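# Survey of secondary and tertiary structure
Listed below, chain by chain, are the residues.
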Amino acid sequence: MLEPVKFSTYHGGAREEGLLDFSASLNPYPPEWLDKMFERAKEISNRYPYYGRLEEGLSELIGEEITVTAGITEALYLIGILALRGRKVVIPRHTYGEYERVARIFGARVIKGPNEPDKLAEIVEKDSVVFFCNPNNPDGRFYRVKELKPLLDAVEEGRAILVLDEAFIDFVKDAESPSGENVVKLRTFTKSYGLPGIRVGYVLGFPEAFKSVRMPWGIGSTGVAFLEFLLEDNFEHLRKTMPLIWREKGRLEKALGVKSDANFFIKRVGDAGEVVDALKRRGILVRDCTSFGLPEFIRFSVRKPEENAKLIEALQELGV
């Protein structure tokens, strides 16, 4: 008999239509070429989606050999196949829940630690796997290479593996990213291009290993079309839209007394469930952080100016 895994996670994003969705932390500005991309996807949907040439093109654009995956989620499961069975896995508290879920699916022993690089470094064990989200979800804290050094050193000394989730790094001003033989970096376009339904991400590090276990045709015709337009775009969409997001981010910080290095915030509101329900009655959806172990906090993203104004007004009316 097949038994279910007794561990579940909850994710942001609206399950129903008609709500102004601040619960998913996405770029609110869609690419100008979106309609043309879907037309292209339709054109190539009658063939198997091979994307080796596009993967090579993205590697050239990034400046390092990469492995295309169906978002970071597929990459996490590939890590499970390659590295988690029988290993000790170190995971910070109050972070993305899929790390622990994947670890338990693959029978790893989970060790929880502080969400600070220097303190987490103290519990890194030999041959373990360490997950670290940078900037972190849900609080948006970003650690620079100098701040990550104790963790990087501990991983190297213990011959461990550091899985660095950089899903939101495009939203960080003047971001920097470490490198190392023991480091696997996960990135995705679903956040920075505002397209969570198009599952395209990539892995930096161990390309031969990841390519050997990933699914064939994992990103589908829409993902292939997205990569075609992305390479032509050459990240111009990010250069245009990130300053708009950063400007609104500053406005939210000033109005609501919050702070983050990414495109989302957490805010202490007392009973998160009550506040989520109250905002929902006003047509606004935010994330209840109870699933992160933070039941007094909500998380909300940066959206367009007129949308952010509605959230500010609603939170001020609620007095939180």
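The present account deals with the structure reproduced in this document. (Residues numbered from 1 in each chain as written. Predicted model: local features only at pLDDT ≥ 70, side-chain atom pairs only at ≥ 80, totals over all residues. Heavy atoms only, no water.)

## Re the state of the cysteines
Simply put, disulfide is the name for a covalent bond between the sulfur atoms of two cysteines. For clarity, the cut-off: Only a pair of cysteine sulfur atoms within 2.5 Å qualifies as a disulfide here. Summary of the burial criterion: residues with accessible area below 20% of their type's maximum are buried, those above 50% are exposed, and those between are partly exposed, where the area comes from a 1.4 Å probe applied to protein chains only.
Tallying each qualifying case throughout the model produces zero disulfides. Summary of cysteine pairing: C133 is not part of a disulfide, and the nearest cysteine sulfur, belonging to C289, is at 13 Å. For C133, a relative accessible area of 2% puts it in the buried group. The exposure class assigned to C289 is buried, which follows from its relative accessible area of 0%.

## Quick look at the side chain of S260
Note the threshold: Under the scheme used here, helices are H or I runs from DSSP no shorter than 4 residues and strands are E runs no shorter than 2 residues, and both carry numbers assigned from the N terminus. Under this definition, polar contacts are N or O atom pairs within 3.5 Å; protein pairs additionally need one hydrogen-donor-capable and one acceptor-capable atom, and for neighbouring residues in sequence, both atoms have to be side-chain atoms. Residue contacts are defined here by distance: any two heavy atoms, one from each residue, within 4.5 Å place the two residues in contact.
Tracing the chain through its elements places S260 in the loop between α9 (236–256) and β9 (264–268). Here the side chain of S260 touches A262 through a polar contact of 3.0 Å, landing on its backbone nitrogen. Those residues within four positions of S260 in sequence are excluded, and the remaining contacts are D139, G140, K249, E253 and F265.

## Re the nonpolar core
In plain terms, the rule: Throughout this description, the term nonpolar core refers to a set of buried Ala, Val, Leu, Ile, Met, Phe, Trp, Tyr and Cys residues connected via side-chain atoms within 4.5 Å.
One finds L84, F131, F226, I298 and F300 to be the most contacted residues of the largest nonpolar core, which totals 79 residues. When residues in this core are grouped by element, the largest group, seven residues, is from helix α3 (residues 71–84). Not counting residues within four places of it along the chain, the set of residues in contact with F226 comprises W33, M37, F189, Y193, L195, I198 and V200. Counting residues in hydrophobic clusters, the runner-up holds 16 residues, among them L120, L152, A160 and L164.

## Observations concerning the sheet that holds β9
This is how the line gets drawn: Whether two strands pair comes down to DSSP finding at least two bridges between them. Only the contacting stretch of a helix is used when fitting its axis, a line to C-alpha atoms as for every element, and angles between N-to-C directions run 0 to 180 degrees.
Taken in spatial order, the three strands line up as β9-β12-β11 in an open sheet, and their pairing is antiparallel. Strands at the two margins of the open sheet, each flanked by one partner only, are β9 and β11 (287–288). Here β11 runs beside strand β12 (residues 297–301); their pairing, made up of two bridges, is antiparallel. Note that in β12 the partner of D288 across the bridge is I298. Together, β11 and β12 form the strand contacts of helix α10 (residues 272–281), whose direction differs from that of β12 by roughly 40°.

## Points about the packing of aromatic side chains
We describe a pair of aromatic rings using the distance from one ring centre to the other and the angle between the two ring planes. For the record, the criterion: Aromatic contacts are taken between Phe, Tyr and Trp rings whose centres are within 6.5 Å, Trp giving its six-membered ring; a plane angle under 30 degrees counts as stacked, one over 60 as edge-to-face, and the others as tilted. The rule for a charge over a ring is simple: NZ of Lys or CZ of Arg within 6 Å of the ring centre, and within 35 degrees of the ring normal.
Using the criterion set out here, one finds 16 aromatic pairs in the structure. Centroid distance W33 to Y193: 6.1 Å. Interplanar angle 40°. Geometry classified as tilted. In this pair, W33 is assigned in the loop between β1 (20–21) and α1 (34–43) and Y193 in the loop between β7 (183–188) and β8 (201–204), connecting sequence segments 160 residues apart. The pair formed by W33 and Y193 is uniform in burial state, with each residue classed as buried. Within the aromatic cluster, the residues linked to one another by ring pairs are W33, F189, Y193, Y202, F226, F229 and F235. Over the ring of F264 we find R299; its NZ or CZ atom is 5.8 Å from the centre of that ring. The aromatic ring of F22 is capped on one face by R303, whose charged end is 5.9 Å from the ring centroid.

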